[in-house]
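Descriptive analysis of the structure
Given next are the chains, with one letter for each unit.
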Number of protein chains: 2
Amino acid sequence: MATPEAPGGTDWRARLRARGYRLTPQREMVLRAVDELGHATPDEVLAKVREQSSAVNISTVYRTLEVLEELGLVRHAHLSDRAPTYHSISDHEHFHLVCRNCQKVVSVDPDVLRPLTERLEADGFVADVGHLTVFGHCTDCTPTKES
Amino acid sequence: MATPEAPGGTDWRARLRARGYRLTPQREMVLRAVDELGHATPDEVLAKVREQSSAVNISTVYRTLEVLEELGLVRHAHLSDRAPTYHSISDHEHFHLVCRNCQKVVSVDPDVLRPLTERLEADGFVADVGHLTVFGHCTDCTPTKES
DNA sequence: ATTCTTGCAAATAATTTGCACCACC
DNA sequence: GGTGGTGCAAATTATTTGCAAGAAT
């Protein structure tokens, strides 16, 4: 999941500069944390970052995630009714399935969405595939709770 | 959007009782509000309810929406990165498209998802179509902001 | 040196909970 | 009358913001 040298090789540093942002240790650490964690909430990112530097503040994490997302280095999705999670885009783009029974999260290739996205595009709507999360349940989960 | 007699005809009252819940004015008002508003946040539901009774409390709205959803009378979806919205299921089931440019929300027939849901089912996953929201942008919106 | 960033604390916003009182069955 | 439901206020949780001090260019 985590490549030694973060997303997009090294050029994200250049990308930062290009947009007038500064390169700070906090930004490096947050990006690495997201990359290593896979899918993580801001809180979890903070915890990971603090393994390396205990002085980092939660508000910095929020601000940094915002910047990184604006730069296209990370994305967020809503994998539970409560709490966004961030993931690096070094993992190729994907959307998510979340099982309400076992809570398992599966990353799926965008190709599976092709028929849907094409249909929507024909109707004038371009879907943001990377942000999509489909809730439901695995058929092999005890399919108990059903209203 | 709002049928005179709320979702499922009148039998939702029976359904309440059947599960040991009591029929209260608050529950009737919240259900009617959701039905009339189309898509509404708890706050908006409260505002609507208060048109009829100013004494109703926000915590009652939260508790009531939870009960109504458990009974299958309403559903919620996340139409913005921030804030769930509730809608009555008297409107036939649908999923949502949300444009990040113009903020427009479009309700779409589940049939459009058929190819996707079938593919996912083949892989052992049953999608909760009614909860799905696809973010993206209309092609006729000024397609400016793109990272 | 200049200006962007950060840490900290306080402000918001959204939702939940404890509890005494009230109303439905 | 007993029990579940409600209002109210306080507690949580999540996120944002103002600002002075610190750091990157």
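For chain A, an unreviewed UniProt entry supplies the name Fur family transcriptional regulator and the organism Nocardioides oceani. Recorded under Sequence similarities (unreviewed entry), the UniProt text for chain A is reproduced unchanged: "Belongs to the Fur family."

Around DNA strand D lies a shell of 20 residues, among which Tyr 62 of chain A together with Arg 22, Arg 27, Thr 60 and Arg 63 of chain B are the nearest. With respect to DNA strand D, the side chain of Arg 27 of chain B contributes an N or O atom lying 2.8 Å from a phosphate oxygen. Asn 57 of chain B has a polar backbone atom sitting 3.3 Å from a phosphate oxygen of DNA strand D. A class-by-class count of the residues in the surface near DNA strand D yields seven nonpolar, six polar and seven charged.

Turning our eyes to something else, we now look at the protein's contact with DNA strand C. Among the 20 residues in the neighbourhood of DNA strand C, the closest are listed as Arg 22, Arg 27, Thr 60 and Arg 63 of chain A together with Tyr 62 of chain B. Among the atoms of DNA strand C lying within 4 Å of the protein, the sugar-phosphate backbone contributes 67%. The separation between a phosphate oxygen of DNA strand C and a polar side-chain atom of Thr 60 of chain A is 2.3 Å. The side chain of Tyr 62 of chain B places a nitrogen or oxygen atom 2.4 Å from a phosphate oxygen of DNA strand C.

Before going further, it helps to spend a moment on the side chain of His 96 of chain A. The residue His 96 of chain A is located in strand S3 (residues 95-99) in this model. Among residues more than four places away in sequence, those in contact with His 96 of chain A are His 39, Ala 77, Leu 79, His 87, Val 105, Val 106, Ser 107, Leu 132, Thr 133 and Val 134 of chain A.

Bringing the relation of the copies chain B and chain A into the picture now. Placing chain B over chain A gives an RMSD of 0.1 Å and needs a rotation angle of 179°, together with 0.0 Å of translation along the axis. Taken together, the rotation and translation describe the operation of a two-fold axis. When the interface residues of chain B are mapped onto chain A, 100% of them again lie at the interface, so the same face is used by both copies.

The next point concerns unusual backbone geometry. Residue and element names in this part refer to chain B. Backbone geometry places Ala 83, a non-glycine residue, at a positive phi of 115°. On the secondary structure map, Ala 83 appears in the loop between strand S1 (74-78) and strand S2 (84-88). Notably, Gln 103 is not glycine yet its phi reads approximately 70°, a positive angle.

Right, let's get into the nonpolar core. In this structure, Phe 95, Leu 120 and Val 134 of chain A together with Phe 95 and Val 134 of chain B are the most contacted members of the largest nonpolar core, which totals 30 residues. Elements with a minimum of two residues in this core: S3, helix H5 (114-122), strand S5 (125-127) and strand S6 (133-138) of chain A together with strand S3 (95-99), helix H5 (114-122), strand S5 (125-127) and strand S6 (133-138) of chain B. Aside from chain neighbours lying at most four places away, what touches Val 134 of chain A is Phe 95, His 96, Leu 97 and Val 98 of chain A together with Leu 120, Phe 125, Ala 127 and Leu 132 of chain B.

So, about the sheet that holds S6 of chain A. Hydrogen bonds between backbone atoms are what pair the strands of a sheet, whose relative direction is either parallel or antiparallel. Spatially, the four strands line up as an open sheet ordered S4(A)-S3(A)-S6(A)-S5(B), and their pairing is mixed. The strands lining the two open edges of the sheet, one partner per strand, are strand S4 (105-108) of chain A together with S5 of chain B. In this sheet, adjacent strand axes meet at a mean angle of 40° when their direction is disregarded. Note: S3 of chain A against S4 of chain A, four bridges, orientation antiparallel. Following the sheet pairing, Val 98 of chain A is matched in S4 of chain A by Val 105 of chain A. Those strands touched by H5 of chain B are S3 and S6 of chain A together with S5 of chain B, and its axis lies near 155° from that of S5 of chain B.

Residue and element names in this part refer to chain A. A complete count under the given rule lists 16 salt bridges over all chains for this structure. Between Asp 128 and Arg 75 there is a salt bridge, and its shortest N-O distance comes to 2.7 Å. Taken as a pair, Asp 128 in the loop between S5 and S6 and Arg 75 in strand S1 (residues 74-78) lie far apart in primary sequence, 53 residues in all. Note on accessibility: Asp 128 and Arg 75 belong to one class, buried. A salt bridge links Arg 114 to Asp 111, with the nearest nitrogen and oxygen atoms 2.6 Å apart. According to the relative accessible area criterion, Arg 114 is partly exposed, its value standing at 41%. The network of salt bridges with shared partners includes Glu 36, Lys 48 and Glu 51.

Cut-off values and rules
Residues numbered from 1 in each chain as written. Chains lettered and ligands numbered in written order. Predicted model: local features only at pLDDT ≥ 70, side-chain atom pairs only at ≥ 80, totals over all residues. Heavy atoms only, no water. UniProt positions renumbered as here; feature names shortened; annotations may be inferred. Near = heavy atom within 4 Å. Polar contact = N/O pair within 3.5 Å; in protein donor to acceptor, adjacent residues only side chain to side chain. Nonpolar A, V, L, I, M, F, W, Y, C, P; charged D, E, K, R; others polar. Helix = DSSP H or I, 4+ residues; strand = E, 2+ residues; numbered from the N terminus. Contact = heavy atoms within 4.5 Å. Least-squares fit on C-alpha atoms with pLDDT ≥ 70 in both. Core = buried A, V, L, I, M, F, W, Y, C linked by side-chain atoms within 4.5 Å. Buried < 20%, exposed > 50% of the residue type's maximum accessible area, 1.4 Å probe, protein only. Pairing = 2+ DSSP bridges. Axes fitted to C-alpha atoms, helices over the stretch in contact; angles between N-to-C directions. Salt bridge = Lys/Arg side-chain N within 4 Å of Asp/Glu carboxyl O.

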